[in-house]
Amino acid sequence: MYLYNSATHKKEEFVPRDPSLVKMYTCGPTVYHYAHIGNLRSYIMEDVLEKFLRWEGYPVKRVMNITDVGHLASDADTGEDKMLKGARREHKTVMEIAKFYTDAFFADCADLNIKTPDVVEPATRCIDEYIAIITRLLEKGYAYQAGGNVYFDTSRLERYYIFNDHDEEDLAVGVRESVEEDGNKRNKADFVLWFTKSKFEDQALKWDSPWGVGYPGWHIECSGISIKHLGEYLDIHCGGIDNAFPHHTNEIAQSEAYLGHPWCRYWMHVHHLNTSDGKMSKSKGEFLTVSLLKEKGYDPLAYRFFCLQSHYRKALVFSWENLDNAAGAYRKLIDRIAALRPADGPVDQGAVEEAKARFDKAVGNDLNTSMGITALYDALKVKTNDATKLAILDSFDQVLSLSLLPKAAAVRAEQEKVKAVQAQGGYTVTGEGDPDIDALVRARGEAKKAKNFAEADRIREELKQQGIEITDVPGGAVWKRI
Ligand code: AMP
Ligand code: ZN
């Protein structure tokens, strides 16, 4: 496949160092709060990348960290520890917060068909690894101690800014965010490897180290966890675009200084999901989570479909209207697949291979998932039998993970049920899985049967107020949220 590599600013053919195992690393969530759907856009696109590589036949080992210590409010090593902030907000311990939001994160991932990486490692479990790396960096002269903390000395590097040519002044993040700057740093770009002195007297998690009791900086965790599980050479490192600087820039600096050779070959960055008034945030405006989507009646996979419709290297604007359009298109797609008759003949393997080659070319071009979706619609138009079409869709869905075949089978089963009830002269309610609404729709049907039209109209109006539309069908009614 071809993949845009942020480190070289070019689309490049992906060639793993060892094709018998692709080594992939993903920056995981900071578990101080729920993930918002912007965070999850990044994880959806990284999931597609992993699945596409597997679909192409590569074995993949993917590792992800869980940030449960050391991530401060500002990426410039200042501000409050995010985990402490979460713990204080909820009157719980840091570990309770970490456990709760880690579980919540994986529940969201399950709703979105995001596969759990092969290895998931909480940052707090690898303290020895960080200490070993920092010790070597000090020995090699890449790190220094000042004011009780250990810092990485960026002036020791020939090239520090890998992803962009930053102006020194751009680094005055602290100033911009009116957070006090750290006077211990020799150079503005230097970053903390190990904190012993911080302004958090109540820092909950601390460990003994050769430099005193303290805790690791945020960046060292990803180098430590990656090297621990994937060794000295990494094929692909992924994350959201905001991670490129300073987080990934610092990961490269410390990993390569420690290892003494180049570390990761391809860097994949997913651009942001924004709202119409700017960046998505956990603190401002509506906090957009998977639970909120579900509360509002959306299938989380409609959100996955929405993400796949656009390219990961473009910012994507979220609005309820845009999501409605995607949800409508997703539902229609499932209905079209449900209309196919399974096992209506032998699968034409030649047609499957041809379709797969087209999908490979589309998605293999820098993970162009919207072209992958087009390939789905094209597959429905191929001049072949339904069994072959379903085999093609099944193959594409190993990458896109939209549950196309199971959802279509469920629609088909529901239709069969309706037919069976109709055959017995009964009344069937089909909807979006809400028993209260089902009961009201049924009550309306019964009122109609009893010729109590005023009551039937009253119920229809009541449901309309709740945004529910009813369509009468032979032997029953179908309802949906509009
Ligand atoms: P965090 O939990 O803050 O460490 O972020 C988890 C992941 O989400 C990281 O890869 C971020 O780069 C990514 N991310 C943060 N905000 C957004 C956004 N608005 N859209 C897409 N990805 C994001
Ligand atoms: Zn990371």
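This text follows the structure it describes.
All figures in this text were calculated on a predicted structure; none of them were measured in a lab.

### Overview of the overall build of the protein chain
Point 1. Of regular secondary structure, the protein chain possesses 16 helices and 19 strands.
Point 2. Here the C-alpha coordinates of the protein chain stretch approximately 85 × 55 × 35 Å along the principal axes.
Point 3. For the protein chain, the residues scored as buried account for 40% of the 482 residues in total.
Point 4. Long-range contacts, defined here as pairs at least 24 residues apart, represent 74% of the contacts in the protein chain between residues at least 6 apart.

### Some thoughts on the site of ligand 1
Point 1. Taken together, 16 residues sit near ligand 1, with Gly38, Asn39, Ser42, Gly240 and His272 positioned nearest.
Point 2. When residues of the shell around ligand 1 are traced back to their parent elements, those giving at least two are helix H1 (37-55) and strand E12 (234-240).
Point 3. With four residues, the top contributor of residues to the shell around ligand 1 is H1.
Point 4. The residue inventory of the shell around ligand 1, partitioned by class, reads five nonpolar, nine polar and two charged.

### Quick notes on helix H12 (residues 369-381)
Point 1. Over its 13 residues, H12 extends 19 Å from the first C-alpha to the last, a length consistent with the 18 Å expected when each residue adds 1.5 Å.
Point 2. Within H12, burial applies to Thr369, Gly372, Ile373, Ala375, Leu376 and Ala379. Considered in projection along H12, the buried side chains sweep an arc of 150 degrees and stay on one side of the axis. Exposed side chains of H12 directed beyond 90 degrees from the buried face belong to Tyr377 and Lys381.

### A word on the nonpolar core
Point 1. Core analysis: the biggest nonpolar cluster contains 110 residues, and Ile134, Leu137, Leu193 and Phe396 have the highest contact counts within it.
Point 2. Among the elements that take part in this core, H1 stands out by supplying 10 residues, more than any other.
Point 3. Residues lining this core come from more than one domain, with at least three contributed by each of domain 1 (2-270) and domain 2 (290-406).
Point 4. With sequence-adjacent residues up to four places away left out, Phe396 is seen in contact with Phe359, Gly372, Ala375, Leu376 and Ala379.

### What to know about the sheet that holds strand E11 (residues 215-216)
Point 1. Pairing in this open sheet of four strands is antiparallel, and the strands run E8-E9-E10-E11 from one edge to the other. At either margin of the open sheet sits one strand with a lone partner, and together these are strand E8 (143-146) and E11.
Point 2. Bridge count between strand E10 (residues 191-195) and E11: two bridges; the pairing is antiparallel. In the strand pairing of E11, Phe195 is matched with Tyr215.

The rules behind each value
- Residues numbered from 1 in each chain as written.
- Chains lettered and ligands numbered in written order.
- Predicted model: local features only at pLDDT ≥ 70, side-chain atom pairs only at ≥ 80, totals over all residues.
- Helix = DSSP H or I, 4+ residues; strand = E, 2+ residues; numbered from the N terminus.
- Buried ≥ 20, exposed ≤ 12 C-beta atoms within 10 Å, placed from the backbone.
- Contact = placed C-beta atoms within 7 Å.
- Near = placed C-beta within 6 Å.
- Nonpolar A, V, L, I, M, F, W, Y, C, P; charged D, E, K, R; others polar.
- Expected span 1.5 Å × (residues − 1).
- Arc of directions from axis to C-beta.
- Core = buried A, V, L, I, M, F, W, Y, C linked by C-beta atoms within 7 Å.
- Domains from an automatic or database assignment.
- Pairing = 2+ DSSP bridges.

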